[in-house]
Amino acid sequence: MVLKVFFPSCCSSADSGILIGRWISEQNSAVILAVVHFPFIPVQVKQYLGEVQRVTKVSVSVLGSWSNSKQEKEESLSEFLEDLGTIFCHEPWIQISKEGDSKFWSCSTLQKHSKNPQEEEIILVYYDQRKVMLSHLHPPLDTAGQGAEDASKLSAIFDTVARSQVLFMTDRYDEGPIKLTHWQSDGVEASIIVELLKQASVPACMLLTFLLSLFSGICRSRVLKFWPLSFLWSKLSTCEQLGHRLQHLQVISSNKKAQNQNQLMRKANIFVSLLIDVALGILLMSWLYRKNRIGHLADTLIPVADHVAEELQDLLQWLMGAPAGLKMNRALDQVLGRFFLYHIHLWISYIHLLSPFIEMILWYVGLSACLGLTVALCILSDIIALLTFHIYCFYVYGARLYCLKIYGLSSLWRLFRGKKWNVLRQRVDSCSYDLDQLFIGTLLFTILLFLLPTTALYYLVFTLLRLLVVIVQGLIHLLVDLIDSLPLYSLILRLCRSYRLAAGVKFKVLEQQDGKPLRLLMQINPLSYGGVVQMYRLPTYSCYPRDSWASLCKKLFLGELIYPWKHKGDKQN
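Residues numbered from 1 in each chain as written. Predicted model: local features only at pLDDT ≥ 70, side-chain atom pairs only at ≥ 80, totals over all residues. Heavy atoms only, no water.

As for the overall build of the protein chain
Within the protein chain one finds 17 helices and 13 strands. Looking at the protein chain as a whole, 41% of its 573 residues are labelled buried. Restricting the contact set of the protein chain to residue pairs at least 6 apart, pairs at least 24 apart contribute 72%. Carbon and sulfur atoms provide 63% of the accessible area of the protein chain, an area that totals close to 32,800 Å². (Helix = DSSP H or I, 4+ residues; strand = E, 2+ residues; numbered from the N terminus. Buried < 20%, exposed > 50% of the residue type's maximum accessible area, 1.4 Å probe, protein only. Contact = heavy atoms within 4.5 Å. Areas by Shrake-Rupley, 256 points an atom, 1.4 Å probe, with all protein chains shown as cover.)

Quick notes on helix α7 (residues 237-252)
The end-to-end C-alpha distance of α7 is 23 Å, a good match for the 22 Å that 16 residues give at a rise of 1.5 Å each. What α7 keeps buried is the set Ser237, Thr238, Cys239, Glu240, Gln241, His244, Arg245, Leu246, His248 and Val251. (Expected span 1.5 Å × (residues − 1).)

Comments concerning the environment of His477
On the secondary structure map, His477 appears in helix α14 (residues 435-485). On the accessibility criterion, His477 (1% relative accessible area) is buried. Along the sequence, His477 and Ser381 sit 96 residues apart, while their C-alpha atoms lie 7.9 Å from each other.

Some remarks on the packing of helix α9 (residues 293-319) against helix α11 (residues 358-367)
For the pair α9 and α11, the least separation of the axes is 9 Å and the interaxial angle reads 130 degrees. Relative to α11, α9 is oriented oblique. Judged by the sense of rotation from one axis to the other, the crossing of α9 with α11 is right-handed. Across from Ile294, Gly295, Leu297, Ala298, Leu301 and Ile302 in α9, the residues of α11 making contact are Ile358, Glu359, Leu362 and Trp363. Split by residue class, the contact of α9 with α11 holds eight nonpolar, one polar and one charged. (Axes fitted to C-alpha atoms, helices over the stretch in contact; angles between N-to-C directions. Parallel < 35°, antiparallel > 145°, perpendicular 65-115°, else oblique. Left-handed = near helix turned anticlockwise from the far one by under 90°. Nonpolar A, V, L, I, M, F, W, Y, C, P; charged D, E, K, R; others polar.)

As structure tokens, then:
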């Protein structure tokens, strides 16, 4: 049999005493948690371990003795430590002794109550108690089969140390009857600032919860469900982002305690994401209001809009002629060109009508950056949508006209083949047509076919313009999604304290000596950065098209509309 003894490296210089920990019989392993120093009263030690076991639900007991010959030089110490095995009655009784400054320790076991004692091969595993205590073992993402069983064995070691937190709350300054050595022996690791923030967070969370419940009640009122407000709430990405952040604030201010590590990390990631988002928004707001940048931006906006309108007019004049040497239907070309030119004239008039108020509008819009950089980016996306609304109208007109002709040509093509579309059964059936129907169908097919190139050219040009606007909005929303979903706290934790996100452990073989137990050093193997992002990524809402290339090409060919918003995102709690 192989006996594995997990010994905390912080106890290597402890005074002589007894070893307390947990015996895992399924794995034939002993997890040493602390060393109790002399002098002590065995009854008090048993009472103390009973209280610890009642609170932690971990079967903590005395596993053996620890002898540090550098501190104690009495010859009778070894015999006294062996006699302690009859008082605490643990099988096997582990004896570990350190000889001076030697790296190689002696480790043996005693089985006084066993009829057939067997010599066991002992493996001494050193582990960092602080890292094991603060880390949470995450099985690798591709763990399966035997790997899952190994992960569960390691989790038992981690779970034993993590659940024994009460045992580590005593230090050398306590005036109790029992003196312990563990990773917090020199003082309980804590921070006054953290404790003050914990005390101050309770009333702050109560106030925030009240304000959020009030705001949520207003948002759920019937006034916002009427047509104009409900339509704006569903189409503006700013409203979607505000609703998303409202859900985050509700999660942070919730009075419910996190049930597991994933919920705790999710709350921390949301809090850090909100904090960084608001900090970046305040920096942007401070930059905008310096040196009258709002006024310069307002003065630049009108000339840019006029320049875009002039370019569109030149493009329409080019289409009304002979674009790229193509022969167009002159009558339809003139009608479409004048129709779109009139829309551009209306748009220029609308922009110049708003020009006196643009600086004031931008000044108040800039204040919204204090809500976060993501809100400011969503407002920028909505402003781009409003400024390019005429391009969207051109695209809708061209797409509807092109779609009408495509479906008309496909229906008339079925007429030539003696087919028709069965609406009830959603399939193509055979049908017999008379001569008049075939004649009228031939005329309509010829007219639509010869008018199709002119319509297709206008549709192609405006679709390219529309796709350019959608790509710009998509890049903005990608940045918003990156800020919303990136687990910043987990990544900072992985960078600074990688042992807090453990994917497993690795063992390093230390120097060996004949007649001494095998010595291993257990090191924590942290999660990779990709694994951290995949495990703790925050859910977001989809505000840009996520169609496949095949679906997008099909929509473009059939003339279906491309919307910049997708409101069926993964809004998860």
